[in-house]
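Architecture and fold: a report
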Amino acid sequence: MPDGSPLLRVEHLRKVYASATGDVEAVADLSFTMDHGELVCIVGPSGCGKTTLLKCLAGLLRPTSGVVEMDGSPVTGPSPAMAVVFQEYGRSLYPWLTVRGNVELPLRHQKLSRAVRDRTVSDALEAVGLPHAARSHPWQLSGGMQQRVAIARAIAYRPEVLIMDEPFAAVDAQTRADLEDLVRELHLTRGISTVFVTHDIDESVYLGRRVLVLSHAPTRVREDLVIDLPPERDQLTTRALPRFTELRTRVYEQIQRAKRGPAEAGPAISVG
Ligand SMILES: Nc1ncnc2c1ncn2[C@@H]1O[C@H](COP(=O)(O)OP(=O)(O)OP(=O)(O)O)[C@@H](O)[C@H]1O
């Protein structure tokens, strides 16, 4: 239960890959915390280390040094309290299972009665707007619908943290806008704590309550920006607000500076 302590604590995280051509330092010295119920977006220059960071958060990669803690306990491996949604929805869904079967799959490892499991799956499909597609197979659905199935599977699992790695990079602009609104709605109505990695500056400002701008690789947090836009957001009115433009300009400038190299990276600061 939330008691004022952070949900996620990342402190002095460092990750060095050993490779045949020499060591690659992907994450240099990265620290931040995230509270229960927050939606934090992470942006940074291409190849800066975003996926490496997410894999360390999700326990899929062991950090070289530093700490990742969830609810005060170190993350040392894949945690049942975290669900990850990747960009490649086509590869994350099982084509031989129906939509319902895909959403239900991770629940089979939980000790739930058949009735509760059925209700949980139906509720998740309802939440992503796909109750009518339960009996379809993923390959019968559009890309955006398949990504909704992946999101339904993640939320049915009731994770403490939903981690999303550029989840909408492969869909068209209109579908992307709809999926962004779905993430906002799930955040507002269900209070799901979400870490959302994106290349898209406008998307990070539209979605986030905070945006972490990462430096060039080896990465660290260059800026921790509070997004003080109203919680009820709308694709037209929110994006037309002068404050939206100020915030996107700020993120854009920081990424441009970050691209110029590690020497430009300053300490993490908060800007209201
Ligand atoms: N398994 C690996 N072995 C060696 N180096 C790696 C490995 N995985 C990633 N890297 C290197 O670590 C750095 C960060 O990679 P990472 O994929 O985390 O960045 P990213 O910000 O997610 O990239 P993108 O913007 O392309 O999505 C890059 O220099 C990459 O080449």
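Cut-offs and rules
Counting restarts for each chain: residues are numbered from 1 in the order of the written sequence. Per-residue local features of the predicted model are confined to residues with pLDDT of at least 70, and side-chain atom pairs are confined, for both listing and counting, to 80 or more; whole-chain, interface and lining totals are unaffected and use all residues. The helix and strand labels rest on DSSP assignments: H or I over at least four residues marks a helix, E over at least two residues marks a strand, and numbering proceeds from the N terminus. A radius of gyration in this sense is built from C-alpha atoms; the matching globule rule multiplies 2.2 Å by the number of residues raised to 0.38. Counting other C-beta atoms within 10 Å of a residue's own tells you its class, since 20 or more makes it buried, 12 or fewer makes it exposed, and anything in between is partly exposed; those C-beta atoms are placed from the backbone. We call two residues in contact when their backbone-placed C-beta atoms lie within 7 Å. UniProt positions are given in the numbering used here, feature names are shortened, and annotations may be inferred rather than shown by experiment. In this analysis an axis means a line fitted to C-alpha atoms, helices contributing only their contacting stretch, and an angle means the value between N-to-C directions, from 0 to 180 degrees. An angle below 35 degrees is treated as roughly parallel, one above 145 as roughly antiparallel, one from 65 to 115 as roughly perpendicular, and anything else as oblique. By the definition used in this description, the sense in which the near helix is turned from the far one sets the handedness, with an anticlockwise turn below a right angle giving left-handed and a clockwise turn giving right-handed. Residue polarity follows a fixed list, in which Ala, Val, Leu, Ile, Met, Phe, Trp, Tyr, Cys and Pro are nonpolar, Asp, Glu, Lys and Arg are charged, and the others, Gly among them, are polar. To count as a nonpolar core, a set of buried Ala, Val, Leu, Ile, Met, Phe, Trp, Tyr and Cys residues must be joined through C-beta atoms within 7 Å. Annotation comment: domain bounds sourced from an automatic or database domain assignment. Here, nearness means that the C-beta atom of a residue, built from backbone geometry, sits within 6 Å of the molecule or strand in question. When DSSP finds at least two bridges between two strands, those strands are taken to pair.

Thoughts on the overall build of the protein chain
- Looking only at helices and strands, the protein chain has eight helices and eleven strands in total.
- For 272 residues, the compact-globule formula gives about 19 Å, and the C-alpha radius of gyration of the protein chain, at 19 Å, lands near that figure.
- When the 272 residues of the protein chain are sorted by exposure, 40% land in the buried category.
- Contacts in the protein chain between residues at least 24 apart in sequence constitute 72% of all its contacts with a sequence separation of at least 6.

Concerning unusual backbone geometry
- Between Ala217 and Pro218 the backbone carries a cis peptide bond, its omega angle lying at -10 degrees.
- Note that Pro218 resides in the loop between β9 (210–214) and β10 (221–226).
- A positive phi angle, close to 50 degrees, is found at Asp71, a residue other than glycine.
- Take Asp71: it is sitting in the loop between β4 (65–70) and β5 (73–74).
- Residue Asp71 is classed as partly exposed on the basis of its 18 C-beta neighbours within 10 Å.
- Of note in the backbone geometry, Glu166 takes a positive phi value of approximately 45 degrees without being a glycine.
- Within the element layout of this structure, Glu166 appears in the loop between β7 (161–165) and α6 (173–190).

Brief notes about the UniProt feature "domain: ABC transporter" (unreviewed entry) in the protein chain
- Within this structure's numbering, the places UniProt gives as "domain: ABC transporter" (unreviewed entry) are residues 8–241.
- Across residues 8–241, the secondary structure splits into 30% helix and 27% strand, with the terminal C-alpha atoms separated by 31 Å.

A short note on the packing of helix α4 (residues 114–127) against helix α5 (residues 143–156)
- The N-to-C vectors of α4 and α5 enclose an angle of 135 degrees; their axes lie 9 Å apart at closest approach. Classed by the angle they form, the pair α4 and α5 counts as oblique. Viewed along their axes, α4 and α5 form a crossing whose handedness is right-handed. Contact with α4, carried on its side by Thr120, Val121, Ala124, Leu125 and Ala127, involves Ala152, Ile155 and Ala156 of α5 and no other residues of that element.
- Classifying every residue of the contact of α4 with α5 gives seven nonpolar, one polar and no charged.

Some points on the nonpolar core
- Residues Val43, Leu57, Ala152, Ile163, Val211, Val213 and Val251 are the most contacted members of the largest nonpolar core, which totals 69 residues.
- The biggest single contributor to this core is α5, with seven residues.
- When residues of this core are assigned to domains, at least three map to each of domain 1 (8–81 + 159–271) and domain 2 (93–158).

Focus: the site of the ligand
- Not every one of the 13 residues close to the ligand is listed here, only the nearest: Tyr17, Ala26, Lys50, Thr51 and Thr52.
- When contributions to the shell around the ligand are tallied by element, the ones reaching two or more residues are β1 (8–19), β2 (22–34) and α1 (50–57).
- No other element matches α1, which puts three residues into the shell around the ligand.
- Of the residues that constitute the shell around the ligand, the class distribution is five nonpolar, seven polar and one charged.

Regarding the pairing of β4
- Here β1 runs beside β4; their pairing, made up of five bridges, is antiparallel. The residue bridging Leu8 from the neighbouring strand is Met70, located in β4.
- With two bridges connecting them, β4 and β5 associate as antiparallel partners. By the bridge assignment, Met70 is partnered in β5 with Ser73.
- Taking the residues that link successive antiparallel strands as the turn, the β4-β5 hairpin has two residues, and the phi of Asp71 there is positive, at about 50 degrees.

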